[in-house]
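Next come the chains, spelled out residue by residue.
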Amino acid sequence: MFNFFKKKNNTPKLPYTTEVHCHVLPGIDDGSPDVEHSLALIHQMKEWGLERIIATPHVTEASFENTPQTIGSAYSRLCQETNWDELGIKLCYSAEYRMDDNFLGILQREEIIPMPGNHILIENSFLQPFWNIKSLVFDLQIKGLSPILAHPEKSERGSRMADFQTDGRLSGKRFAQ
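Procedures and definitions
Residues numbered from 1 in each chain as written. Predicted model: local features only at pLDDT ≥ 70, side-chain atom pairs only at ≥ 80, totals over all residues. Heavy atoms only, no water. Helix = DSSP H or I, 4+ residues; strand = E, 2+ residues; numbered from the N terminus. Buried < 20%, exposed > 50% of the residue type's maximum accessible area, 1.4 Å probe, protein only. Contact = heavy atoms within 4.5 Å. Areas by Shrake-Rupley, 256 points an atom, 1.4 Å probe, with all protein chains shown as cover. Polar contact = N/O pair within 3.5 Å; in protein donor to acceptor, adjacent residues only side chain to side chain. Pairing = 2+ DSSP bridges. Axes fitted to C-alpha atoms, helices over the stretch in contact; angles between N-to-C directions. Core = buried A, V, L, I, M, F, W, Y, C linked by side-chain atoms within 4.5 Å.

(A) Summary view of the overall build of the protein. Per the secondary structure count, the protein includes seven helices and seven strands. Reading the protein from its N end, one meets helices and strands in the order β-α-β-β-α-α-β-β-α-β-α-β-α-α. Per-residue burial over the protein gives 42% buried out of 177 residues. Residue pairs in contact within the protein that sit at least 24 positions apart in sequence constitute 73% of those at least 6 positions apart. For the protein, the exposed surface amounts to about 10400 Å²; the carbon and sulfur share of it is 52%.

Below, the structure is given as structure tokens:
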């Protein structure tokens, strides 16, 4: 009937069930160093109520020049180590693309790994001047991509991001619904 001695699960739950920005693929950026850490992170995310994770490793010039091959290989290594149906969480991958010359080359070669719905996670560096974001967003949309800006605080002109967020050009709201 009642079990007063049963341990309560006090793990806080997140207000969303899909994570679109995390570094859980093993050994390819500054996130998880290996499969064991990746699995521990994923189990914790499951405890928080997540049902779907979109792994987004960094793709940046000179530090994390990941490719569809390196990202796919890390994803495959991780997928081999657990029964995802049993775990009850879906994992897929995309990338977090730094707006730099490397990104422009990836875009030109059509090597973008989009999220479901053709969303793409882009970021600016703390160190570089902010790119011509309006032109870049326009170019991405022409290619059928829907950009989501990671870390808008990285721009000295971060307040200008409000223009994009209010008209939906850089909003992830549609993705999460």
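(B) Highlighting the environment of threonine 70. With respect to the element layout, threonine 70 can be found in helix α2 (residues 68-79). Overall, threonine 70 belongs to the partly exposed group, its relative accessible area being 32%. Reaching out from threonine 70, the side chain makes a polar contact with the backbone nitrogen of threonine 67 at a distance of 2.8 Å.

(C) Spatial organisation of the sheet that holds strand β4 (residues 90-93). Here three strands make up an open sheet; going across it, the order is β1-β2-β4 and the pairing parallel. Both outer strands of the open sheet, β1 (18-22) and β4, are each paired with one neighbouring strand and no more. If you compare each strand with its neighbour and ignore which way they point, the axes differ by 20° on average. Strand direction decides the pairing type here: strand β2 (residues 52-55) and β4, joined by four bridges, are parallel. For arginine 52, the partnering residue across the bridge sits in β4 and is lysine 90.

(D) The arrangement of unusual backbone geometry in detail. One non-glycine residue, alanine 62, lies in the positive phi region at around 75°. With respect to the helices, strands and loops of the structure, alanine 62 is situated in the loop between β3 (58-59) and α2. Of the residues examined, alanine 62 reaches a relative accessible area of 72% and is grouped as exposed. Unlike most non-glycine residues, asparagine 118 shows phi in positive territory, near 60°. Relative to the helices and strands, asparagine 118 resides in the loop between α4 (101-108) and β6 (119-123).

(E) Spotlight on the sheet that holds strand β5 (residues 96-98). One open sheet holds the four strands; their spatial order is β3-β5-β6-β7, and the pairing between them is parallel. Of all the strands in the sheet, the pair left with one neighbour each is β3 and β7 (146-150). As paired elements, β6 and β7 share five bridges and run parallel to each other. Bridge pairing in β7 places leucine 121 opposite isoleucine 148.

(F) Layout of the nonpolar core. Among the nonpolar cores identified, the biggest contains 35 residues, and Tyr97 and Phe103 are the most heavily contacted of them. Going through the elements one at a time, α1 (35-47), β2, α2, α3 (84-87), α4, β6 and α5 (133-142) are the ones with two or more residues in this core. Setting aside residues no more than four positions away along its own chain, phenylalanine 103 makes contact with Tyr97, Arg98, Ile112, Ile120, Ile122, Leu136 and Leu140. Counting residues in each nonpolar core, the second largest holds six residues, with Ile54, Leu121, Ile148 and Ala150 among its members.

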